Amino acid sequence: MKQVEKQLLRICCLMILFLPAFTWAETLTAQLNVNSSDLEAKVEGQVYQFQANLFAGAGFLYSKDDYWVANLNFSARDSVISPALNVGLGLKGILARVDFDHHDYNASAIGFMALGAYDFRKDYTQLPIKVATAFTIAPYVLSFGDTDLYMDYHATVYGYFIPNAAVLAGYRYTDLRFKTRFYKDKKADDAIFAGVSFTF
């Protein structure tokens, strides 16, 4: 229990340090995803716009399958080829706790993040739909403690019923690997989810 309290305290401190980025944000997006066993919340703000758009974000995923994952992330994104196509690169800091096979693991890592989105509202079709995907990987050298590797993948389809709000459906894959002196373990989970997104 003490380990859980310490991890939650770390997350709260990081969120407090991260708060100024959101207060300076030009736009702010909040998203909530759910399914039968998971709850995921995300917030993201565009904090600077020059030759590329800079974003700061945070997220928290809780699963009844005995794990949770928190993250803070920064990314730079820009349109390529078409105003509808947006791609980006960034860094994601991960803090997680996994309980399985009678072991408790505290995971932490810094991952490289790649993002892409295609917004049909900005092309000739003018459809109120956006498709977005994101991939993060933290190799062994950027994984700390018992963490051997962290990886996640998201693919989401947004349907906008008003310009600043959407319903969504998506697929998520999370992979956490651990290595100690005596054994290796892996926690992989994938899920389909639905949710809502609001931009302010």
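### Describing unusual backbone geometry
A positive phi angle is found at Ile81, which is not glycine, with a value near 65°. Here Ile81 shows up in the loop between strand 4 (67-80) and strand 5 (82-100). Ile81 sits in the exposed class, given a relative accessible area of 87%.

### Some points on a nonpolar patch on the surface
Together, Leu32, Val34, Leu39, Phe60, Tyr62, Phe161, Ile162, Val167, Val196, Phe198 and Phe200 make up an exposed nonpolar region whose accessible area comes to about 1000 Å². Where the nonpolar patch is concerned, the elements lending two or more residues are strand 1 (27-34), strand 3 (53-63), strand 9 (147-162) and strand 11 (184-199). Mapped onto the elements of the fold, Phe161 is located in strand 9.

### Section: the pattern of salt bridges
Proximity of charged atoms lets side chains of opposite charge pair with each other. In total, this model carries nine salt bridges according to the counting rule given. Linking Asp38 and Arg172 is a salt bridge whose minimum nitrogen-to-oxygen distance equals 2.9 Å. A residue pair is termed long-range when its members are at least 10 positions apart, and Asp38 in strand 2 (residues 38-49) and Arg172 in strand 10 (residues 165-179) qualify at 134 residues. Residue Arg172 is classed as buried on the basis of its relative accessible area of 3%. What you see here is one network of salt bridges that share partners, running through Asp38, Glu40 and Arg172.

### Topic: the packing of aromatic side chains
If you walk through the whole model with that rule in mind, you get four aromatic pairs. A centroid spacing of 5.7 Å and a plane angle of 25° characterise the contact between Phe60 and Trp68, whose relative ring orientation is stacked. Ring geometry for Tyr158 and Tyr160: centres 6.5 Å apart, planes at 25°, overall stacked. The exposure class assigned to Tyr158 is buried, which follows from its relative accessible area of 9%. We note Arg121 situated over the ring of Tyr160; from NZ or CZ to the ring centre the distance is 3.7 Å.

### Brief notes about the nonpolar core
The biggest cluster of nonpolar side chains holds 14 residues, and the ones touching the most others in it are Val69, Val98, Tyr150, Leu176 and Phe178. Among the elements of the structure, strand 4, strand 5, strand 6 (103-119) and strand 10 are those that each provide at least two residues to this core. When residues in this core are grouped by element, the largest group, four residues, is from strand 5. When neighbours within four sequence positions are excluded, Leu176 is seen to be in contact with Val69, Ala96, Val98, Ala107, Leu149, Tyr150, Asp185, Lys186 and Lys187.

Cut-off values and rules
- Residues numbered from 1 in each chain as written.
- Predicted model: local features only at pLDDT ≥ 70, side-chain atom pairs only at ≥ 80, totals over all residues.
- Heavy atoms only, no water.
- Helix = DSSP H or I, 4+ residues; strand = E, 2+ residues; numbered from the N terminus.
- Buried < 20%, exposed > 50% of the residue type's maximum accessible area, 1.4 Å probe, protein only.
- Patch = residues over 30% accessible without salt bridge, like charges linked within 9 Å, V, L, I, M, F, W, Y side chains within 5 Å.
- Areas by Shrake-Rupley, 256 points an atom, 1.4 Å probe, with all protein chains shown as cover.
- Salt bridge = Lys/Arg side-chain N within 4 Å of Asp/Glu carboxyl O.
- Phe/Tyr/Trp six-rings, centres within 6.5 Å; stacked < 30°, edge-to-face > 60°.
- Lys NZ or Arg CZ within 6 Å of the ring centre and 35° of its normal.
- Core = buried A, V, L, I, M, F, W, Y, C linked by side-chain atoms within 4.5 Å.
- Contact = heavy atoms within 4.5 Å.

That is the geometry; function is a separate question.
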